[in-house]
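As a plain string of letters, each chain reads:
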Amino acid sequence: MTSTQRHRLFILITLGLLSAIGPFSIDMYLPGFDAIADSLDTTVSHIQLSLTSFFIGIASGQIIYGPLLDRFGRKIPLIVGLVIYIAASISCMLTNSADYLIAYRFVQALGSCGGMVASRAMVRDFYGPRESAKIFSLLMLVIGISPIVAPTVGSFVISRWDWHGIFLVLAIITTCILLAVIFFLPESRGSNPAISLMPRPIAQSYWQVFKTRQFFTYSFAGGLASSGLYAYLAGSPYIMITLYGLSEKQYGLVFALIASALITASQLNRYLLNRYSSEKVAKVALMVQSSLGLLLAILCVAGAINLLVMIALIFLFLGSQGFVFPNTSALALAPFSRLAGSASALLGGLQMACGALSSGLVSYFHNETTVPMAATMAGCACLSLFILLAGSRLPAGTRSDQSHR
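Residues numbered from 1 in each chain as written. Predicted model: local features only at pLDDT ≥ 70, side-chain atom pairs only at ≥ 80, totals over all residues. Heavy atoms only, no water.

The space that makes up the second largest pocket amounts to roughly 180 Å³. For the lining of the second largest pocket, the secondary-structure elements that each account for two or more residues are α1 (3–28), α6 (129–160) and α7 (164–183). The leading source of residues in the lining of the second largest pocket is α1, at five residues. Taken together, the residues of the lining of the second largest pocket sort by class into 11 nonpolar, three polar and no charged. (1 Å grid on protein atoms, 1.4 Å probe; cavity = no way out; pocket = protein on both sides within 12 Å on 5 of 7 lines; lining within 4 Å. Points joined across faces, edges and corners; volume = space filled by probe spheres on them. Helix = DSSP H or I, 4+ residues; strand = E, 2+ residues; numbered from the N terminus. Nonpolar A, V, L, I, M, F, W, Y, C, P; charged D, E, K, R; others polar.)

Leu18, Ile47, Ile58, Leu82, Phe167 and Phe215 are the most contacted members of the largest nonpolar core, which totals 82 residues. Per element, the largest residue contribution to this core is nine residues, and it comes from helix α5 (residues 98–126). The contacts of isoleucine 47, once residues within four sequence positions are left out, are Tyr29, Phe33, Ile36, Ala37, Leu40, Thr42, Ala98 and Leu101. Counting 28 residues, the second-largest nonpolar core is a separate cluster that includes Ile305, Ile311, Ala374 and Met377. (Core = buried A, V, L, I, M, F, W, Y, C linked by side-chain atoms within 4.5 Å. Buried < 20%, exposed > 50% of the residue type's maximum accessible area, 1.4 Å probe, protein only. Contact = heavy atoms within 4.5 Å.)

We now examine unusual backbone geometry. Phi is positive for aspartate 41, close to 55°, though the residue is something other than glycine. On the basis of relative accessibility, which here comes to 72%, the residue aspartate 41 falls in the exposed class.

Per the counting criterion, the structure on display carries two cavities of 30 Å³ or more. The computed volume of the second largest cavity comes to approximately 30 Å³. What lines the second largest cavity is simply Pro67, Asp70, Ile195, Ser196, Ile202, Ser205, Leu339 and Ser342. Mapped onto the lining of the second largest cavity, the elements with two or more residues apiece are α3 (44–72) and α8 (199–210). Among the residues forming the lining of the second largest cavity, the class breakdown is four nonpolar, three polar and one charged.

Let us look at the packing of aromatic side chains. Under the definition given, this model contains 11 aromatic pairs. With centroids separated by 5.3 Å and ring planes inclined at 85°, the aromatic side chains of phenylalanine 210 and phenylalanine 216 adopt a geometry described as edge-to-face. Phenylalanine 216 sits in the partly exposed class, given a relative accessible area of 35%. Between phenylalanine 210 and phenylalanine 220 the ring centres are 6.0 Å apart and the planes differ by 80°, which places this aromatic pair in the edge-to-face class. With phenylalanine 210 in helix α8 and phenylalanine 220 in helix α9 (residues 213–243), this pair connects stretches of sequence that are 10 residues apart. (Phe/Tyr/Trp six-rings, centres within 6.5 Å; stacked < 30°, edge-to-face > 60°.)

Relative to the 45 Å expected for 31 residues at 1.5 Å per residue, α9 spans 43 Å between its end C-alpha atoms, a close match to the ideal helical length. Approximately 45° is the largest bend angle found in α9, and it occurs at glycine 235, with the proline proline 237 only one to four residues beyond. Directly after α9, the chain includes glycine 245, whose backbone phi takes a positive value near 75°. (Expected span 1.5 Å × (residues − 1). Bend = angle between axes of the 7 residues up to and from the residue.)

Turning to the state of the cysteines, a few remarks are in order. Taken as a whole and assessed by the stated rule, the structure comprises zero disulfides. For the unlinked cysteine cysteine 92, the closest cysteine sulfur is that of cysteine 113, found at 14 Å. Among the cysteines around cysteine 354, which has no disulfide bond, cysteine 380 carries the closest sulfur, lying 8.0 Å off. Take cysteine 354: its relative accessible area is 11%, and that puts it in the buried class. (Disulfide = S-S within 2.5 Å.)

Written out as structure tokens, the structure is:
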């Protein structure tokens, strides 16, 4: 391996780790809810608010980082975000109050957003649209592994030490990432004093991004397709454990199996892009995903589904998502250069908003059956396909990554 190849590999690994900080922070401490509640003399439902505050922090924080990344370059806001994350993690480790834990988790999420937004923006800076889709597939590998590895690591830490150790491990891991960013990760775009941080120009920048047809089409198509995953996350524990009687360990194995579909498909996507365009792959994947979602919903409504069939259909449904996410993300960001940070932030914010809405719908329409989850998954996929087809006739030139925006 040449020095250039090693350097490229290091950049990819660093960007992957940056994008995984948020997901890893969510999944790693889930096994510790009972231990945290006992230690802080409160209920598990109260501790669950720390997860809610983290989601709120991720959704709102991404919008904050966008203009900062465009104004000051990628590395300075990223470094500040990582420092905030480390400080908040240490605060979570030292706290003796559930309410403070909830507050610190919100701050921790704000810090993690720097890595999530900067990694997407830097992919856009370093690579063209087709290559970006391949890189997003690699990032998807890291993100997809997180739900499998993180809870296991969290359980191991709790068994050896206690829940405080989870946040210490997160702080140590992020400190290593911070050092790699400071000393080895190259700056992909310098500061731009022409970018204003006043509220009105920021809103105008976001509106300029939002009204770009290519961004609107692919960000919403990708966000709605991703919402099917959030609907599955919201509904599957009750369905698998309560309705079908799986143990928590068995559910964990099923969860890992289904997650492997997402990981495998995202890697196959890299090879498909050697022969087909991102637009073509995304369109076909959404057609397949919509068909699978409709079949799942019909079988659930008719009461003609069993556990194995459900697992198989969800496996294929989320496998399709592994082809949708990398390509729609790359296409949504492709028209932007000057505003790549804002575009990355808005893309992440829209995806989180769509995901929160879909998981909320599953909870709102919960009726002790499989129908709310299946119907929401199908609806998200079909609406995503409709938006993609309706917006696929783009004006000339918007597909190029050489846009002045």
